[in-house]
Amino acid sequence: MGNISKKIVRLTAAVGLLSATALPTFAATEINVIGFGAGFAWSDLFGASGTEKTQKLLDFEAKYDIVINMEFADEEVARQKVLLDLVNGTGNYDLVMLGSDGAVQTFSAAGYLEPLDDYLSSATDVFDASKVYQPFLEANTVNGKLWGLPYYSFGAGVVYRKDIFDKYGITSFPETTEGLEQALQTIKEGLAADGMDDVYPLTMRGAPGEEPSLDLSGFVYAYAGYPAWFEGGPTTPDEIKEKKAQPIFNGDFKPGFETFVRWSRDYGPPGIATHTWVDMMNLYAQGKAVVLMPSAINAFAGIPGSEVPEVKEHSAFAPSPVGPSGKAVQSFWTFSIGVSAFSENKDAAYKALAFLTSEPVLRDFANSFGWPYTTYPEIMNSPTLTERWPAEMLSQIEASFSEADPHYFPYIPELVEFMDQIGTAASSSIAGTTSVDESLDDLQSWASERMTRAGYYK
Amino acid sequence: MVAVRLQGIRKSYGTVEVLKGIDLDIQDGEFVVFVGPSGCGKSTLLRVIAGLEDASGGDLYFDDQRFTDVPPAKRGVAMVFQSYALYPHMNVADNMTMSLRLAGVDKAKRRERAAEVAEMLQLSPLLDRKPGQLSGGQRQRVAIGRAIVRNPDIFLFDEPLSNLDAALRIETRVGISKLHHTLRNTMIYVTHDQVEAMTMADRIVILDRGVIAQVGTPMELYQAPANIFVAGFIGSPKMNFLPVREEGRGDGKVRFSTETGEAFELAIDLPAGEPIAQLGIRPENLAIGADGQIGGRVSTVEQLGSESLVYVEADKATFVCKITSGATPKIDETVRLVIPEHPLHLFDAGGEALPRHTHSSPR
Amino acid sequence: MLTDWRFWFSVPAVLALGVVVLFPTGFLFWMSVSHWILTEPGVYFYGFQNFATLLNSSAFHSAAWVTVSYLVLSTTIMLGLGFAFALALSRPGSPGYLRALIVMPLVIPPVVAGFTWRFLLNGEIGFLGAYLLPAIGLETNLLASPVGALFSIVIADVWSRTPFMFLIFLAALQSIPRDYYEAIRLDGAKRFQEFWLVTLPMMKGAVSVAILFRIIDALNTFELIYVMTKGGPGRATQTFSLLGWKIAFQGFDFGGAAALGVVMVFATTIVALIVFRRFMRSA
């Protein structure tokens, strides 16, 4: 009943329907892509509606004799369509959306993706891998192979209200987590003394599911100094199997987790246990939060639409603070695209992919949104961004890319499920349903069972 | 046992006036039938008496006590609905004794009373059945039983037989009449069927478009209808009407002509007044004979065994003759209709009956 | 039977039904006993292992508890409100625009309803959550507290689905013959007795239909919860349908998700039978 059976019905129906509609193509090779966020992603190619084709796209199609069919849908719908297409091996979509926080790891392990390493040299005129910030490629590399090319991507950082910091006598942004916690406490007391009970020192995301896990893993990394999920910090299935490394969620994982929860509870807004990046962004944009971290991108996304002048005028960027281990709090993610293993036109699909992630296309993205994040150093250091942002800030952001460890959490096929469990555990603890220790003990026993069932310790 | 008096009862729904001032006295223990075509206001009048509708004007007295504003449950009336209104989720006993339950009578007593009434109505074996398991006639009796259980001053029946088939209808009709004889309660009964009215009523109240057309015993209404509406409503087959023009009157005689040019003279003794516009003849008084005043052609003949109905097209209308003896004419036969001088009903142009000097005359 | 030519006319209908109903259901059952998990390639028969894993997981137990609480709470409120509205608006002459107003939420998709309520109840910027509730002394952040979040879901769901109950009850109320009320009024019933002795018993059938619809509807509720709380905080509002989604699309365990589907099929059938027996037979 319910949702599952509906999806299964859809799934089985899809098998029949899709095979019936897979008509042979003549002349130009058709490449099918499904995406979300019409008017956001590739608005320079498909327009604000997501249904037109701009001259730039038409030029590419003419030059390479490829037609790109872009289908936009809701994020959840798009993700499920991709999944069903891959599970059924239908190859309806030649290019599939990925994310470096699970999809790349899971789909590559399942054999649904085409490794791209051998294709890199085939269209260097469109996409030159050497011109991209290497960590974004690394983030899409699993078991030594590249599975996706990065589009919209970001690294860790902090956006904060310099005016409020100044007001409470904090003249420079703390470089360590310890310092930041003191600063948050000072601000909390200051806000309370000034009767500003609807402004919160910190905004992060604590919704159940994978939402907080990216940032939370960044805290764990900063406190433990390594991806502290399994004994010894292995990040690949082979390493885990070899050492039979058990989960350590109630071990080294704890300090970072505990800090994330404590900060959320003590300094965050009351509803943080259900907040997603949207709430995080809105709160900051509405001037109701002083610090947004560690996924600073969410502040940059919110500032342009803010109606609070102080937010626009006094927001400043700072590098992500360094934890007790000496490593900075991480938040590193790429929205990437891969080639379906079931595509019948992998060469053309790669070319289309190369174009969709190419420097001119990413430059247009940077132009239209102006966010100080991009996958190309060339764009970062061009007037497109340097005219909008202080040079110091751009170099700090650049540094957050180069100093990032894209594999700050393990790259295992079960990643999506782990992210979901971790985020849900955090949400529970933030809401106060369970204590940190209870949450982590639950997580630990779930992880042991899950890893055993998956055959890691045979 | 209660007498009912209605004084100027009016009822309007918005701008539509359904009852236009009803004055009526019902004697204690009388069985009165409200009859009339649908829309005449008979059910509304009954519901006003029951208290289910508030009168827009006028007053209601039970034994000289004003009851106009007394809530329905306190009026001492019990009503049998056309649909029976038996609660489908309760058995027969519970249905019959609902009023006792609401009055706080304990279960054992209720059961006792139900058994008593069921005995009267031959419902004893059915007390534990649900209405859905009963036949139409049985449901009917349960509905009546429910009324009897209450031991009311007045019984009200709202077309209680219209959901029954013909045979059952006659049987139940007799049953209700018997009940009246046994209980001697005041009963008011609404029907659109004049046969029911004729057979059951002590007195009939004929309603027409919100006013009383006539009140009287069945035979009064039959023999001396006050107007053309009552004349046409009571009696089956219906009274025949012949539109006429009075050409002259004198010496106890009146000369008539009809629309088609027939002319004849009848010995009618009546005081001076409005001219006669229509003659009314009951089918059993209309004969066929060579000396008839009006010519016509037989269109249909219905043989009913002991009698025959002969339909004659004459004077642009159809006349019905009820013939009990002698030969019946054949279809298409040309005949003449004999208009009797007695009994003959006379109506003026407004449809009101014209009184004749009373004097005995051979029939 | 086969020689009766009329039989053959039913064959296409039976075949179509078989394909549409039986095949997917059969497929669900087959999946539930299969090892089919994306992260471990290879689909094979797995016995009842999926059920064992599912029934032993704390996520299943918490989802069962959440689902039942949500079901009981929302159903009770919905039935009560739907009944009350229907009673108030079933009398002849009650204004039609009020009925239209009550029914309106029904045409608003659950996703939109979820977003709307999420923003209304939001504790930092929501009209209700940040201004109205604190103004009357309720400072708790509904969406972020485990019990509050469940109530929030129930509130939104009640808002969105009560109209359906209202429509069922209104139709049923209006089909109760007026005679019953008049008869019992003549018998001396007070208002509440009319309700208790006539309305309520006559509504049994409608109530059971409403409960059945509601159970199926509630077990299917996904979008609303997903949008409002994503099942959180923690697992506080993670019902079976959210858990199913998580197993299928976060854990990529299609066999496990199908096992949950099968459990839900049985649970629904049992509950439906109980409701059916309790109400329908006597009605």
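Residues numbered from 1 in each chain as written. Chains lettered and ligands numbered in written order. Predicted model: local features only at pLDDT ≥ 70, side-chain atom pairs only at ≥ 80, totals over all residues.

Topic: the overall build of chain C
When its secondary structure is counted, chain C shows 13 helices and two strands. Once the C-alpha set of chain C is aligned to its principal axes, its extents read approximately 75 × 70 × 30 Å. Taken across its 283 residues, chain C has 43% of its residues classed as buried. Restricting to contacts in chain C with at least 6 residues of sequence separation, those with at least 24 account for 67%. (Helix = DSSP H or I, 4+ residues; strand = E, 2+ residues; numbered from the N terminus. Buried ≥ 20, exposed ≤ 12 C-beta atoms within 10 Å, placed from the backbone. Contact = placed C-beta atoms within 7 Å.)

A closer look at the overall build of chain A
Looking only at helices and strands, chain A has 21 helices and 11 strands in total. Computed over C-alpha atoms, the radius of gyration of chain A comes to 22 Å, within 12% of the 23 Å expected from 2.2 N^0.38 for 458 residues, which places it in the range of a compact globule. Taking the principal axes of its C-alpha atoms as reference, chain A extends roughly 70 × 55 × 40 Å. Burial statistics for chain A: of 458 residues in total, 54% are counted as buried. (Rg over C-alpha atoms; globule rule 2.2 N^0.38 Å.)

Let's talk about the confidence of the model for chain A
Residues and elements named next belong to chain A. Mean pLDDT over chain A works out to 89, with 94% of the residues at or above the 70 mark. When pLDDT is averaged over each element of chain A, helix α11 (residues 254-267) comes out on top at 97 and helix α1 (residues 2-21) at the bottom at 42. Note that residues 1-25 has pLDDT below 50 and, in this model, 43 contacts with residues that lie over four places away or in other chains. (pLDDT = per-residue confidence, 0-100.)

Topic: the arrangement of the chains
Among two pairs of chains with at least one contact, chains A and C form the most extensive contact set. No part of chain A reaches chain B; the closest C-alpha pair between them is 34 Å apart.

Thoughts on the environment of A:Gly111
Relative to the elements of secondary structure, A:Gly111 occurs in the loop between α5 (103-109) and α6 (134-138). Those residues in contact with A:Gly111 that sit more than four places away from it in its chain are A:Ala341 and C:Pro41.

With respect to the interface of chain A and chain C
It is common to report an interface's size as the accessible area lost on association of the parts. Opposite the 44 residues of chain A that make contact, chain C presents 47 residues. Of all the secondary-structure elements, those providing two or more residues to the side of chain A that touches chain C are α1, α4 (75-88), α5, α12 (277-285) and α20 (415-431) of chain A. Of the residues that constitute the side of chain A that touches chain C, the class distribution is 20 nonpolar, 17 polar and seven charged. (Nonpolar A, V, L, I, M, F, W, Y, C, P; charged D, E, K, R; others polar.)

Notes on the interface of chain B and chain C
In this complex, chain B contributes 16 residues to the contact, which on the side of chain C involves 14 residues. Residue classes in the side of chain B that touches chain C are distributed as 13 nonpolar, three polar and no charged.

A word on the nonpolar core
Ranked by size, the top nonpolar core spans 207 residues in total, and within it A:Leu95, A:Leu353 and C:Phe169 carry the most contacts. Of the residues forming this core, the biggest block, 13 residues, is contributed by helix α7 (residues 146-174) of chain C. Mapped onto the domain boundaries, this core takes at least three residues apiece from domain 1 (2-151 + 333-389) and domain 2 (158-331 + 414-453) of chain A. Setting aside anything within four residues of it in sequence, one finds A:Leu95 in contact with A:Ile31, A:Val33, A:Ile337, A:Val339, A:Ser340, A:Ala349, A:Ala352 and A:Leu353. Residues B:Ile26, B:Val92, B:Ile176 and C:Ile184 belong to the second largest nonpolar core, which totals 101 residues. (Core = buried A, V, L, I, M, F, W, Y, C linked by C-beta atoms within 7 Å. Domains from an automatic or database assignment.)

Considerations on the domain arrangement of chain A
Residues and elements named next belong to chain A. The domains assigned to chain A are domain 1 (2-151 + 333-389) and domain 2 (158-331 + 414-453). Put simply, the middle of domain 1 and the middle of domain 2, counted by C-alpha atoms, are 29 Å apart. Listed by partner, the interface residues are nine residues for domain 1 and nine residues for domain 2. Classifying every residue of the side of domain 1 that touches domain 2 gives four nonpolar, four polar and one charged.

Description of the sheet that holds strand β10 (residues 315-318) of chain A
By definition, the strands of a sheet pair up through backbone hydrogen bonds, in either a parallel or an antiparallel sense. Residue and element names in this part refer to chain A. What the four strands build is an open sheet, ordered β8-β9-β7-β10; its pairing is mixed. Taken across any chain shown, the strands that pair with only one partner, and hence form the sheet edges, are β8 (200-203) and β10. Here the strands of the sheet are splayed against their neighbours by 25 degrees on average, with no regard to which way each runs. In this sheet, strand β9 (residues 289-292) lies alongside strand β7 (residues 158-161) in antiparallel orientation, the contact comprising two bridges. Bridging from a neighbouring strand, Val159 pairs with Leu292 of β9. (Pairing = 2+ DSSP bridges. Axes fitted to C-alpha atoms, helices over the stretch in contact; angles between N-to-C directions.)

Observations concerning the sheet that holds strand β19 (residues 334-338) of chain B
All names here are of chain B. An order of β15-β19-β16-β17-β18 is seen for the five strands of this open sheet, with the pairing classed as antiparallel. Of all strands in the sheet, those bounded by a partner on one side alone are β15 (287-288) and β18 (317-323). The pairing of β15 with β19 spans two bridges and is antiparallel. Bridge assignment links Ala287 to a residue of β19, and that residue is Val338.

Some words on the confidence of the model for chain C
Caution applies to low-pLDDT regions: their predicted coordinates should not be interpreted in detail. Residue and element names in this part refer to chain C. Across chain C, the average pLDDT comes to 88, with 97% of residues at or above 70. For chain C, the element scoring lowest by mean pLDDT is helix α6 (residues 127-135), at 79; helix α3 (residues 58-89) scores highest, at 94. Across the interface, the model reports ipTM at 0.82; the global pTM reads 0.79.

So, the environment of A:Glu178
Residues and elements named next belong to chain A. Structurally, the position occupied by Glu178 is in helix α8 (residues 177-193). Residue classification places Glu178 among the partly exposed residues on the basis of 13 C-beta atoms within 10 Å. C-alpha of Glu178 to C-alpha of Asp125: the two residues are 53 residues apart in sequence and 48 Å apart in space.

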